[in-house]
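Observations on chain architecture
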Amino acid sequence: MLQADEENVNLSSLADAQAFLSQFDWYTSRLEMSIGNLQAPMYEGDNLGPERFRKEVVNHWSEIMSQLPLAQQQDRAFQNTLTAALENAILSQVHDRVFQELFAKYEEKDHKIRRHCQYLTEKNISADKLGVPEGYALSFPAAVVELAALDIQKCPLDKLRCLRSTLDYIEAEIKRIIAETHKMTSEDEAVIPPITSSDIVSLLAAVLIQAKPLHLATNLYYVESYQQTLNPCDPLCTSLETFQKALSHVLSIDIEEDDEIKPVRLGRGMSKEIELEELAQLTCYMGKMQQRKNSEACENSGTTTTPLECQLQELAGRIERAMDNDESQRHLEDLLINDDEDNYTHIVL
């Protein structure tokens, strides 16, 4: 488990860890030799588990600290930063070995997660099943892309930063859409429900379902078990906790094989695709809605705009601009996908 420390660690990436260790150039050869011995098992069953790895870090930490001035030895922040730097520098070099061992241990759970996400995708899981607030069943493509990079990160800090960035993209999109909603409507008309931490978990669960990560269980265990110096209150560590909650939420969704879950548009459901005919209807609807807002009748009708409707209006606007543009064919190719099996066209949100 991640342990609390009295001082925060001022490292946020592998580059930071390497830069910190560069001041101990007199110890470089000793560290490289030790890492070389750890990169491959010495015999069958020679696993580099968290406890053994912890002993390696402590040994190097002790050797370096013994050569430093007393003031640095007694500096709590320096002690923690040195530990974190050693953890991440060593793990970045032995990552392939550690992950090969963890893959074997968590292969079944990773497969279960992917299979469940695929199943929920095929069932077009609705937003209310995930607990997403009405009006926030948005699309988060940047978060999905960022999460896809999790496997290529090697040290715990970089993996944690990837998790944090995924959440940042979700929050940034929410803030952007809220700002756009305020621009398009008056404060009295805008329907912007407050976002809570539990809502973020639900939105992240939706991103997990769409991303279908390959080795999520392995990555979460790796980060939690091999990185033990960051304060649990650090934003990087709170990101790990949020992902664990979102994963539990996804796995808790139980849908019978015969259930037909159909996405409901405009705030009540979630779908990453929309049929071309439906988009045309949506564009027409948005145009009429805007006309009503500009009329006196709108003032008394209580017509509202939610963040989801705002995002859909943006999509409709992109389609209209693409149709009017000289390069419309290129724009439409970016938006349209032909489904050969079902022989109809979708728009990707």
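Figured I'd write up the structure that's included with this text. Remember, predicted model here, so these are calculated numbers, not experimental data. (Residues numbered from 1 in each chain as written. Predicted model: local features only at pLDDT ≥ 70, side-chain atom pairs only at ≥ 80, totals over all residues. Heavy atoms only, no water.)

1. Regarding the packing of helix α2 (residues 28-38) against helix α5 (residues 76-122)
Applied cut-off: Fitting a line to C-alpha atoms yields each axis, with helices limited to the stretch in contact; the angle taken between N-to-C directions then spans 0 to 180 degrees. Counting from the N terminus, the helices are the DSSP runs of H or I reaching at least four residues and the strands are the DSSP runs of E reaching at least two. Helix crossings fall into two classes, left-handed where the near helix is turned counterclockwise from the far one by less than a right angle and right-handed where it is turned clockwise. Only heavy atoms matter for contacts: two residues are in contact if any of them lie within 4.5 Å across the pair. Nonpolar residues are Ala, Val, Leu, Ile, Met, Phe, Trp, Tyr, Cys and Pro. Charged residues are Asp, Glu, Lys and Arg, and all others, Gly as well, are polar.
Running from amino to carboxyl end, α2 crosses α5 at an angle of 30°, the nearest separation of the two axes being 9 Å. Crossing of α2 against α5: the hand is right-handed. In this structure, α2 contributes Leu31, Ile35 and Leu38 to the contact, and α5 contributes Leu86, Ala89, Ile90, Gln93, Val94 and Arg97. The residue inventory of the contact of α2 with α5, partitioned by class, reads seven nonpolar, one polar and one charged.

2. Remarks on helix α7 (residues 141-148)
Our working definition: Only protein chains enter the accessibility calculation, which uses a 1.4 Å probe. A residue is then buried if its area is under 20% of the maximum for its type, exposed if over 50%, and partly exposed in between. Arc definition: it is the arc formed by the directions from the helix axis to the C-beta atoms.
Every buried residue of α7 is accounted for by Ala143, Val144 and Leu147. The arc enclosing the buried residues of α7, seen along the axis, measures out at 100°, which places them on a common side. Across α7 from its buried face, at more than 90 degrees, point the exposed residues Val145 and Ala148.

3. Notes on the packing of α2 against helix α3 (residues 50-65)
What describes two packed helices is the angle between their axes and the distance between those same axes. The following threshold applies: In these notes the angle categories are as follows: under 35 degrees is roughly parallel, over 145 is roughly antiparallel, 65 to 115 is roughly perpendicular, and the rest is oblique.
Contact geometry of α2 with α3 gives a least axis separation of 12 Å together with a crossing angle of 170°. With respect to each other, α2 and α3 are oriented roughly antiparallel. Each of Arg30, Leu31, Ser34 and Leu38 in α2 lies in contact with α3, whose residues at this interface are Arg52, Glu56, His60 and Glu63. Of the residues contributing to the contact of α2 with α3, the split by class is two nonpolar, two polar and four charged.

4. With respect to the environment of Arg176
Worth spelling out the cut-off: Between N or O atoms, a polar contact is any pair within 3.5 Å; within protein, one atom must be a potential hydrogen donor and the other a potential acceptor, and residues adjacent in sequence are included only when both atoms are from side chains.
Within the element layout of this structure, Arg176 appears in helix α8 (residues 156-184). Arg176 gets classed as partly exposed once you look at its relative accessible area, which sits at 34%. There is a polar contact of 2.9 Å between the side chain of Arg176 and the side chain of Glu173.

5. A few points about α3
Put simply, the rule is: To estimate the expected span of a helix, count its residues, drop one, and scale the result by 1.5 Å.
Over its 16 residues, α3 runs 22 Å from end to end, which matches the ideal 22 Å to within 8%, given 1.5 Å per residue. Restricting attention to buried positions, one finds in α3 the residues Phe53, Arg54, Glu56, Val57, His60, Ile64 and Met65. The buried residues of α3 occupy an angular sector of 160° when the element is viewed end-on, so they sit on one face. Away from the buried face of α3 by more than 90 degrees, exposed residues Glu51 and Lys55 are located.

6. A short note on the environment of Tyr106
Tracing the backbone through its elements, the reader meets Tyr106 in helix α5. Owing to a relative accessible area of 15%, Tyr106 belongs among the buried residues under this scheme. The spacing of Tyr106 and His215 is 109 residues in sequence and 8.3 Å in space, taken between C-alpha atoms. Each residue touching Tyr106, except ones within four places of it in the same chain, is listed here: Ala217, Thr218 and Tyr221.

In short, shape yes, function no, at least from these values alone.
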